[in-house]
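The residues making up each chain are set out below.
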Amino acid sequence: MTVWVGDERIDMVAGDFAFGPMGVPHAFHVTSARAKLLITYSPAGPQGPEGYGVDGFFTEVCEKVVKGEQPPEPRQPDPAAFAPREDVYGVDAVGPPPAL
C-alpha cells in the first residue's frame, strides 16, 4: 500500500503505520492484489445530523453492514453525492491520490 500524507509518500508493508492528521491532505492506494487495512479516526470537526466530523460523514454516506445480513455489493462512490455533505462535517475531498 502506498500512503500520501501531505507531500510525503510512504510505501508501506505489513505492520507499518501512517498518521494523517486533520487538515493535512492524505490518501492511500492499494498496490497489491489483496490488503488488510485498519483505519481509525477521531470524530473531530463540526457537528452534523449524524455526528461530528469524519465520523458523522461516514455514518451518513456509507453503506450500512448489518450482522447476519449479506453486505451490499462493492461499488464506486459517487463524489457528486458526497459533495453536499462534506461542508456539513468539515470534510474536504481534494481529489484522487497522486499517481504512483
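Within each chain, residues carry numbers counting from 1 in the order of the written sequence. Under the rules for a predicted model, residues below a pLDDT of 70 receive no local features and side-chain atom pairs below 80 are neither given nor counted, while totals for whole chains, interfaces and linings still include all residues. Note that the side-chain values use all heavy atoms of the structure and ignore hydrogens as well as water.

Draft legend 1. Spatial organisation of the overall build of the chain. Helix and strand assignments follow DSSP, with helices taken as H or I runs no shorter than four residues and strands as E runs no shorter than two, numbered in order from the N terminus. A count of helical and extended segments in the chain gives 2 helices and 5 strands. Beginning at the N terminus, the succession of helices and strands in the chain can be written as β-β-β-β-β-α-α. Each residue is assigned to one of three classes by its accessible area relative to the maximum for its type, calculated with a 1.4 Å probe on protein chains only: buried under 20%, partly exposed between the two thresholds, exposed over 50%. The 100 residues of the chain split such that 15% are buried. Put simply, 48% of the contacts in the chain that link residues at least 6 apart link residues at least 24 apart. Areas reported as accessible are Shrake-Rupley estimates using a 1.4 Å probe. Residue values count occlusion only from the protein chains shown. Carbon and sulfur atoms form 57% of the exposed surface of the chain, whose accessible area is close to 7900 Å². For this count, His and the chain ends are skipped, Lys and Arg are scored as positive, and Asp and Glu as negative. Throughout, a charge is located at the NZ atom of Lys, the CZ atom of Arg, the CG atom of Asp or the CD atom of Glu. Averaging the coordinates of the 7 positive side-chain charges in the chain and doing the same for the 14 negative ones gives two points 9 Å apart. Any two residues whose heavy atoms approach within 4.5 Å are treated as being in contact.

Draft legend 2. Structural context of the packing of aromatic side chains. For Phe, Tyr and Trp, rings pair up if their centres lie within 6.5 Å, where Trp contributes its six-membered ring, and each pair is then called stacked (planes under 30 degrees apart), edge-to-face (over 60) or tilted (otherwise). Counting across every chain of the model gives 3 aromatic pairs. Measuring from centroid to centroid gives 5.8 Å for Phe57 and Phe58, while their planes differ by 55°, and the two rings are tilted. Centroid distance Phe57 to Phe82: 5.6 Å. Interplanar angle 85°. Geometry classified as edge-to-face. Residue Phe57 is found in helix H1 (residues 53-61), and its partner Phe82 is found in helix H2 (residues 79-89); the two are separated by 25 residues along the sequence.

Draft legend 3. Structural view of a nonpolar patch on the surface. On the surface, a cluster of nonpolar side chains totalling about 540 Å² of accessible area is made up of Phe28, Val30, Leu37, Ile39, Tyr41 and Phe58. Position of Phe28 relative to the elements: it lies in strand S3 (residues 26-29). Patch members must show over 30% relative accessible area and no salt bridge, and they are joined within 9 Å when carrying like charges or within 5 Å when they are nonpolar side chains of Val, Leu, Ile, Met, Phe, Trp or Tyr. Only one rule defines a salt bridge in this text: a Lys or Arg side-chain nitrogen within 4 Å of an Asp or Glu carboxyl oxygen.

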